[in-house]
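Results of the structural survey
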Amino acid sequence: MSKESSKWWSLIQRELDGESYTRYKKKRKEAKTWYQNQGQYSAAEKTSWDSGVVVRSNLFQRDIDILAQSGWAEEPRFTVLTDLNDPRYQRGSTAFQAMLTKAWNETKANSEVEMAYLEALFGNVSYVALDFDRHRQLPSVRWVNGDIVIDPKAKGRLKRANWVAEVIERPFMEFYNDRTIPKEKRDAVHKKMMSYSKAEKFSMDQDIRLSYIWSKNGQAPWKTMEGRKHIILTDVLDEPLLVEDWPWPFLDPDEFPIYKLELRTIPDSPYGMTMFEALEPLYRAFNWAATFTLTDARKAATRKLFYNEGKINEPEKLSSGKHLEPVATKGNPGEAIHLQDYGSGSPVVYRVLEFIQQMHDQQSGVSDIVRGQSPGGRTTAEEVRTLQRNASVVF
């Protein structure tokens, strides 16, 4: 492998294996697992309850669904304005506005950005990238579902980065049909993969690992400064698949064709804190209180039936009711049968359950969305208008 390609892969892999990215992937996975009603109790926690029954209330699932609906309640509308009174410029702005709207709708960009927003609700960070729809011949955007690696010196801030890499795995057939990569390079990859697969039958749907690098300072920024370069690498070949100038010349010097959505920003933290991580203690407390309430109610509803085994000939028939717990006695309570009522369950934990839910609704912002209210002192005017528009969200 060439020195430049080897250096790039080393930089990228170091970040992917680093503590920050490993923690980010772990927390994102935990959030998605919890959303799917899995991993909410350990085996020890499940068996610690007398009833053997645990409650998976999944307030997180409710939070995601409400925020997903309210945050994407309306599709974006494009408006292009001009300060000039010349009718020609006004007609031009109207035409440009229509072109933007057409490109957005034709390339189905709305679904891509919506997926990026949903991904950020789970992992706090997500990305969209500028793209070009060759079928429709229109610029477009796409949700990045691979790994994004940002120059570590930038601490997660794109404006300060010298390079950004997108690392993905693509099926070989999709890769081979990508005409942005020279055919001789695609053929070389095919030949190399065929040689790797002599022991096994080569399949066209095998994945190939690729890295798309956007560098502001050339192909090897650690030793030269050649201007902005787009580099495509694969771990199959030693040399790059493609090195070209950026195809987006209109971008400002501090911009990349990749945009980052970060919901909670923490200084010097590339990935911030996920919503699930911030609210997990309340989710667990709510599940515990709900399970305790259910267990308490079950105990209160299950009354003990004491019977004199010398007077009852068929005691097995007494256990047919799940709400009764037969207990044999040598003597007689009431000569044959005595039903012991232990009263109702404690209302204290139920009140704790309500308190936890109120805390959750306040901290998560769900109560603000439902009521169309602003949490005082921290919401901008635009956010207030958004909350008011979404006050009718039904869940």
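Our subject is the structure listed above.
Counting of residues starts from 1 at the beginning of each chain's written sequence and follows it residue by residue. The predicted nature of this model means local features are confined to residues of pLDDT at least 70 and side-chain atom pairs, given and counted, to a pLDDT of 80 or more, with totals for whole chains, interfaces and linings taken over all residues. Each side-chain value is worked out from all heavy atoms of the structure, with water and hydrogens disregarded.

**Side note on the environment of Thr33**
Which entries qualify depends on this criterion: Strands here are runs of E lasting at least two residues and helices are runs of H or I lasting at least four, both read from the DSSP assignment and numbered beginning at the N terminus. Here, residues are in contact when the closest pair of their heavy atoms is within 4.5 Å.
Relative to the helices and strands, Thr33 is located in helix 2 (residues 19-35). Residues within four places of Thr33 in sequence aside, it is in contact with Gln38 and Gly39.

**Observations regarding the nonpolar core**
Note the cut-off: We define the nonpolar core as a collection of buried residues of types Ala, Val, Leu, Ile, Met, Phe, Trp, Tyr and Cys that are connected through side-chain atoms lying within 4.5 Å of one another. Throughout, exposure labels follow a simple rule: accessible area from a 1.4 Å probe, protein chains only, divided by the maximum for the residue type, with under 20% read as buried, over 50% as exposed, and the rest as partly exposed.
In terms of nonpolar packing, the biggest core is built from 36 residues, with Ile12 and Tyr127 touching the most fellow members. Sorting the residues of this core by element identifies helix 1 (3-16), helix 2, helix 6 (109-123), strand 1 (125-133), strand 3 (147-150), strand 4 (163-171), strand 5 (207-215) and strand 6 (229-234) as the ones contributing at least two each. Per element, the largest residue contribution to this core is five residues, and it comes from helix 1. Not counting the four nearest positions on each side in its chain, Ile12 is found in contact with Val149, Trp163, Ala165, Val167, Ser211 and Ile213. Of all hydrophobic cores here, the second largest spans 20 residues; its members include Phe60, Leu67, Leu121 and Phe122.

**Quick look at the sheet that holds strand 1**
Heads up, the condition is: At least two bridges found by DSSP between two strands is the condition for calling them paired. Note on definitions: angles span 0 to 180 degrees between N-to-C directions of axes, and those axes are lines fitted to C-alpha atoms, for helices only across the stretch in contact.
Pairing within the open sheet is antiparallel, and its three strands lie in the order 2-1-8. The open sheet has two edge strands, strand 2 (138-143) and strand 8 (258-262), and neither has a second partner. Direction aside, the axes of adjacent strands within the sheet are offset by 25° on average. Looking at chain direction, strand 1 and strand 8 are connected through five bridges and run antiparallel. The residue of strand 8 that forms the bridge with Val125 is Glu262.

**So, the pattern of salt bridges**
For the record, the criterion: Criterion for a salt bridge: a side-chain nitrogen of Lys or Arg within 4 Å of a carboxyl oxygen of Asp or Glu.
What the rule picks out here adds up to 17 salt bridges. Salt-bridge contacts for Arg142 lead to Glu166; the nearest nitrogen and oxygen are separated by 2.8 Å. Of this pair, Arg142 sits in strand 2 while Glu166 sits in strand 4, and the two are 24 residues apart along the sequence. The shortest N-O distance in the salt bridge between Asp254 and Lys159 comes to 3.4 Å. A residue pair is termed long-range when its members are at least 10 positions apart, and Asp254 in the loop between strand 7 (242-245) and strand 8 and Lys159 in the loop between strand 3 and strand 4 qualify at 95 residues. For Lys159, a relative accessible area of 61% corresponds to the exposed category.

**Focus: a negative patch on the surface**
Applicable threshold: For patches, a residue must show more than 30% relative accessible area and have no salt bridge; joins then use 9 Å for like charges and 5 Å for nonpolar side chains, namely Val, Leu, Ile, Met, Phe, Trp and Tyr. Note on areas: Shrake-Rupley, 1.4 Å probe, and residue coverage restricted to the protein chains presented here. The charged-residue count follows a simple rule in which Lys and Arg add positive charge and Asp and Glu add negative charge, with His and chain termini not counted at all. Here the site of a charge means NZ on Lys, CZ on Arg, CG on Asp, or CD on Glu.
Together, Glu169, Asp205, Asp207 and Asp235 line one region of the surface with negative charge. On the secondary structure map, Asp205 appears in the loop between helix 8 (183-196) and strand 5. The class for Asp205 is exposed, based on a relative accessible area of 56%.

**With respect to the side chain of Ser126**
Heads up, the condition is: Counted as a polar contact is a pair of N or O atoms within 3.5 Å, where, for protein atoms, one must be capable of donating a hydrogen and the other of accepting one, and residues adjacent in sequence contribute only when both atoms are in side chains.
Summarising the element assignment, Ser126 is placed in strand 1. On the accessibility criterion, Ser126 (3% relative accessible area) is buried. Within the structure, Ser126 has its side chain in polar contact with the backbone oxygen of Ala116 (distance 2.6 Å). Filtering out sequence-adjacent residues up to four positions away, Ser126 remains in contact with Ala116, Tyr117, Glu119, Ala120, Tyr259, Lys260 and Leu261.

**Brief notes about the environment of Ile266**
Mapped onto the secondary structure, Ile266 falls in the loop between strand 8 and helix 9 (275-301). Among residues more than four places away in sequence, those in contact with Ile266 are Arg157, Gly272 and Met273.

**Examining the packing of helix 2 against helix 4 (residues 59-71)**
Defined as follows: The cut-offs work like this: below 35 degrees is roughly parallel, past 145 is roughly antiparallel, 65 to 115 is roughly perpendicular, and the gaps in between are oblique. Ten residue types, Ala, Val, Leu, Ile, Met, Phe, Trp, Tyr, Cys and Pro, are classed as nonpolar, four, Asp, Glu, Lys and Arg, as charged, and the remainder, Gly among them, as polar.
Where helix 2 contacts helix 4, the axes come no closer than 8 Å and their chain directions differ by 100°. With respect to each other, helix 2 and helix 4 are oriented roughly perpendicular. Together, Ala31, Trp34 and Tyr35 of helix 2 and Phe60, Gln61, Ile64 and Asp65 of helix 4 make up the contact between the two elements. Its residues placed into classes, the contact of helix 2 with helix 4 shows five nonpolar, one polar and one charged.

**A look at the side chain of Ser364**
With respect to the element layout, Ser364 can be found in helix 10 (residues 348-364). At a separation of 2.8 Å, a polar atom in the side chain of Ser364 contacts the main-chain carbonyl oxygen of His360. Not counting the four nearest positions on each side in its chain, Ser364 is found in contact with Asp63 and Leu279.

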